[in-house]
Amino acid sequence: MLKLKVRLKPDATCVRGACAVALLLIASAASAQKTLTLDDIFDPDKRVKFSGNPVTGLEWVDANHYAWPREVTEETVDWQLVDAVTGNVQPLFDASTMENTLRRLAGVTAGEAHGLAHSRGLAFSPTHASALFTIGDDLYVYAFADDRAVRLTYVPGAEENASFSPDGKLVAFVRHNDLFVVDVAMRRESALTTDGSAKILNGQLDWVYEEEIFGRGNHQAYWWSPDSSRIAYLRIDDTPVPGFTIVDHIPYDVGVDQIDYPKAGDPNPIVKIGVAAVTGGTEWLDTSKYSAADHLIATVTWTPDSRHVVFGVENRLQTWLDLNDGDPVSGTSRTILRETTKGWVEPPVAAPVWLKDGTFIWLSERNGWKHAYHYKRDGTLIGAVTGGRWTVDTLHGVDENAGWAYFSATEHSPIGVDEYRIKLDGTGLQRLSRTDGTHHADYSPAWTFYIDTWSDATTPWMVRLHTSDGSEVRVIDANHVAALGDYRLSKPEFLQVKTRDGFAMEAEMIKPPDFNPSRRYPVYQFIYGGPHAPVVANSWGGREQMYHQLLAQMGVIVWMCDNRSASGKGMEPTWAIAGHLGELELRDIEDGISWLKQQPYVDGTRIGIHGWSYGGFMTSYALTHSTSFVMGIAGGTVADWRDYDTVYTERYMGLPQDNPDGYRKSSPRWSASQLHGALMLIHGTIDDNVHMQNTLQFAYELQKAGKPFELMLYPKTRHGPSDPVLIKHLRQTMLAFVVQQLKPGQ
């Protein structure tokens, strides 16, 4: 923000006109600041980089150095090796030499060679001595020291999920849903599986396992043993899973995509764990005590000595998880421990962290809050490492030499994330991060340093280096965004609002920059509302945050208030939603609205709500079960929980045949006749997550009930637009609807 200092002695008499001049200068400085426009935030060519351009992709090479993909253009980088303490930089490899070598390969153009040598997507060997990449459909390895590019594969078909073995001598990959390894030195390829097909996936996650169990964006379903001799992998059989057809209407020849997608109540994929020796042969781990159609594999890892595969098995409804120990030679397995809570065991499930003495650290939500526990190898509990009414976010690992466990958690603030360390006996808890906000840490292999990426509600992400006791060594990237000072922005206010039964909900309010407490303003509530997914956070919110600032500048109060199940305050407040999604969430939301209406500056007749995905569901549910909102924008909404996938939906709702009344009451589709307020529905036509079917079913019921509504569809769009042109159109459409319904400025 532009600041003008005017110093006046408090006991001095103003020289004639001096005070007036000072006030005029201050007013001029304020008026010189810009008002946000949609183009500033969303136009593909004119948008301002309000988030700056913080360094990303840093990865530790050894105890004292990290690799940095220094951005050259939006498409290319120069890989640098950085001395962590001094910041001294040298090339990680000679990109020009690599480029010249790649240009000599058959079929590789100069542009392709340049792009590969400067690619952010290079996969490095464990020692960063070579890089793995794809040309056409084939894998290549380039050895930096030898200036040698080696082609590893020659068979038609894309090689996916390629990775080096821990010793760097082999590369594993998936082709046509079969798992392969190739020897880097000998360039000899071996198939570890041979039954891959459209329905049989070896080493590759299917849709529901990626989305709901192992995490969106992670397709790999195999795990190297530490000694590089074996690979544990999932064999996913989607034969029982119904297919869902998605149609792309834009080409003249309509595009059709068939996805194996199990909806609530449908059969799940049948999954097994194989352990393949890299020399050939697979041993199947014994899961015969579980029903083949009624269990989920939730985590897979190896013990450090490569002698055991440890894997988690959940029942279909996820009310328990067994942590099992599998013998990769005989296939026998035994249960180490059974994890239960008063509700469910929520994926993704973090793998245990193993110690040199064979014991391990395990994260559990058994008491309603995620904490770390220390176990013996046989599953005997040694004791709790952390505890309290706060949540461990990530267990980074253990420095056994110093006896510290490092983790991130919400102990200091429920709307931030801080870095901590603690002794394994639960003593000596230390908060390492010393600035409020949200911290993400990446620790060096020797636990001597960590790279901290931090932001708060008014500061875009910046990157610092710290020693393991939290002391700052240096700023890696201050990421100062001067443009933020050019605009009239409001500082978000954080507060708590209690529900009728006393739960403290975290809330955030953005008032207009020229806020006048004697005026009455309309309110726009931004909502997600789904389990463990708060929107109130002391962190930089990017373009969504700037859009909220734009609304505030137009005279709208922006309001966020996390209902208890979305609060991130542990598992405990979430259990109450079981069997009837929407009901308790809306009650909490309305308690927040009741508090708002008591504020003299709020116009309770002009309150709107907007959300996407679960937030779209909550918006649709609110407008069909409440009279508190004059308008709502529901994007990518779940309109009927029978339409959503098994793993997510059944965790909270149970099976449809066991809870038919709960499913119906939780689905806005069946309450369309109760619509109150102006509703805009938005959906991507090729959404493979929340299918457009939801919005069309809802629209049909609204039409039959004679209820007016607006509908905007986005072709070639999945679960939210990614095309910058469509993103801008979406925000133009939303803003026009908000202005029309909330009438800011009146």
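Going by the structure above, here's the rest.
The sections below set out a description of the structure shown in this document. (Residues numbered from 1 in each chain as written. Predicted model: local features only at pLDDT ≥ 70, side-chain atom pairs only at ≥ 80, totals over all residues. Heavy atoms only, no water.)

Concerning the overall build of the chain
What the chain contains, in helices and strands, is 12 helices and 43 strands. Over its C-alpha trace the chain gives a radius of gyration of 28 Å, about what one expects of a compact globule, namely 27 Å for 746 residues. With the C-alpha coordinates of the chain rotated into their principal frame, the extents come out at 85 × 65 × 65 Å. In the chain, which comprises 746 residues, the share counted as buried stands at 56%. (Helix = DSSP H or I, 4+ residues; strand = E, 2+ residues; numbered from the N terminus. Rg over C-alpha atoms; globule rule 2.2 N^0.38 Å. Buried < 20%, exposed > 50% of the residue type's maximum accessible area, 1.4 Å probe, protein only.)

With respect to helix 8 (residues 614-625)
Two residues of an α-helix separated by three or four positions point the same way, owing to the 3.6 residues in each turn. In this model helix 8 runs 16 Å from its N-terminal to its C-terminal C-alpha over 12 residues, within 8% of the 16 Å that 1.5 Å per residue would give. Most of helix 8 sits out of view: 11 of its 12 residues are buried. By the burial criterion, the buried members of helix 8 are Y614, G615, G616, F617, M618, T619, S620, Y621, A622, L623 and T624. (Expected span 1.5 Å × (residues − 1).)

A few points about the packing of helix 5 (residues 207-214) against helix 9 (residues 646-653)
If you want to describe how two helices pack, look at the angle between their axes and the distance between the axes. At their nearest, the axes of helix 5 and helix 9 sit 9 Å apart, and the two run at 45 degrees to each other. Between helix 5 and helix 9, the crossing angle belongs to the class labelled oblique. Residues V208, E212 and I213 of helix 5 lie in contact with helix 9, whose contacting residues are T646, V647, Y648 and R651. In terms of residue class, the contact of helix 5 with helix 9 is built from four nonpolar, one polar and two charged. (Axes fitted to C-alpha atoms, helices over the stretch in contact; angles between N-to-C directions. Parallel < 35°, antiparallel > 145°, perpendicular 65-115°, else oblique. Contact = heavy atoms within 4.5 Å. Nonpolar A, V, L, I, M, F, W, Y, C, P; charged D, E, K, R; others polar.)

So, unusual backbone geometry
Residue P348 is reached from P347 by a cis peptide bond, and omega for that bond is -5 degrees. Among the secondary structure elements, P348 is positioned in the loop between strand 23 (333-340) and strand 24 (353-354). One non-glycine residue, H176, lies in the positive phi region at around 50 degrees. Residue H176 is classed as exposed on the basis of its relative accessible area of 54%.

Overview of the pattern of salt bridges
Overall, the coordinates contain 34 salt bridges when judged by the stated rule. The closest approach of N and O atoms between E544 and R731, which form a salt bridge, is 2.8 Å. Residue E544 is located in helix 6 (residues 542-553), and its partner R731 is located in helix 12 (residues 724-742); the two are separated by 187 residues in the primary sequence. (Salt bridge = Lys/Arg side-chain N within 4 Å of Asp/Glu carboxyl O.)

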